[in-house]
Amino acid sequence: GRGRLQRAWVTRPGSALAFSLVLRPTAQEITRASLFSPLAGLALADALLEWGVQAQIKWPNDVLLQGRKTAGILVEASWNGAALEALIVGIGVNISAASVPPAEQTRFPATCVEESLGRPADRFELLKRILFHLAERRPMLGSAQFMADWEERLAFRGQQVVISGQPGAEKSGKIVGLSGEGHLRLIDADGVESEVVAGDVSLRPAAGQVVGGAGC
């Protein structure tokens with residue numbers, strides 16, 4: 001698989017879901033193209049909830065179980081000149097323990113669906129559920145309900161975090177929610193609120209904070 005900044009990983013056959021969807025946005029969706037990543041995250045969270053598993057979305061593009069990463073999402077655009085032709089939504093989900101890399105090879109603690117589920121998981125059943133929920137939620141893209149559902153599942157909400165990968169320096173503060181555009185809202189130690197725009201951002205709990213988030 002391939003992630004942000006050409007980062008690569010190898011998944012053992014039969015241990016995970018790794019797939020890409022080619023979606024052609026409507027004229028209305030083009031202005032909300034940045035929301036296709038949380039759309040995929042919500043679809044996965046919805047699918048897991050049907051199995052009784054609570055998932056959180058680590059802004060901007062990871063899905064966590066019990067505070068550990070079980071899925072990553074990468075959305076890329078395909079252009080024809082200045083016209084956006086399609087969005088390629090890549091999704092990787094750790095299903096069994098064989099899909100979880102050694103701790104020394106990960107940038108963030110990792111887990112798999114079966115560990116939270118407590119039993120073997122049917123990968124193709126989960127794929128079917130993800131696709132169903134993605135199609136179900138897509139008409140709501142950018143709506144008040146969509147944003148509220150995303151914010152409800154936002155990992156580390158109310159906790160102190162450190163943001164790296166931004167131009168300049170690291171940034172720290174308490175996550176208070178999302179803006180209408182899907183930017184992360186932070187309040188720093190002086191009570192000043194700012195927004196973090198999605199990019200190559202690494203978000204981690206501040207020292208001494210419990211790994212987890214809203215909905216755990």
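Our structure's up above, just so we're on the same page.
Residues numbered from 1 in each chain as written. Predicted model: local features only at pLDDT ≥ 70, side-chain atom pairs only at ≥ 80, totals over all residues. Heavy atoms only, no water.

The geometry of helix H2 (residues 36–49) relative to helix H4 (residues 123–137) is characterised by a closest axis approach of 8 Å and an angle of 125 degrees between their N-to-C directions. Our classification of the angle between H2 and H4 gives oblique. The crossing of H2 and H4 is right-handed. The segment H2 lies against H4, with Leu39, Ala40, Leu42, Ala43, Leu44, Asp46, Ala47 and Leu48 engaging Leu126, Arg129, Ile130, His133, Leu134 and Arg137. Broken down by class, the residue content of the contact of H2 with H4 amounts to 10 nonpolar, 1 polar and 3 charged. (Axes fitted to C-alpha atoms, helices over the stretch in contact; angles between N-to-C directions. Helix = DSSP H or I, 4+ residues; strand = E, 2+ residues; numbered from the N terminus. Parallel < 35°, antiparallel > 145°, perpendicular 65-115°, else oblique. Left-handed = near helix turned anticlockwise from the far one by under 90°. Contact = heavy atoms within 4.5 Å. Nonpolar A, V, L, I, M, F, W, Y, C, P; charged D, E, K, R; others polar.)

This part is about the environment of glutamate 76. Within the fold, glutamate 76 resides in strand S4 (residues 68–80). Separated by 11 residues in sequence, glutamate 76 and leucine 87 place their C-alpha atoms 5.7 Å apart.

Another point: unusual backbone geometry. For the bond from tryptophan 59 to proline 60, the omega torsion is 5 degrees, close enough to zero to count as cis. Mapping proline 60 onto the fold places it in the loop between strand S2 (56–58) and strand S3 (62–65). Unlike most non-glycine residues, glutamine 66 shows phi in positive territory, near 50 degrees. Take glutamine 66: it is sitting in the loop between S3 and S4. Glutamine 66 sits in the exposed class, given a relative accessible area of 52%. (Buried < 20%, exposed > 50% of the residue type's maximum accessible area, 1.4 Å probe, protein only.)

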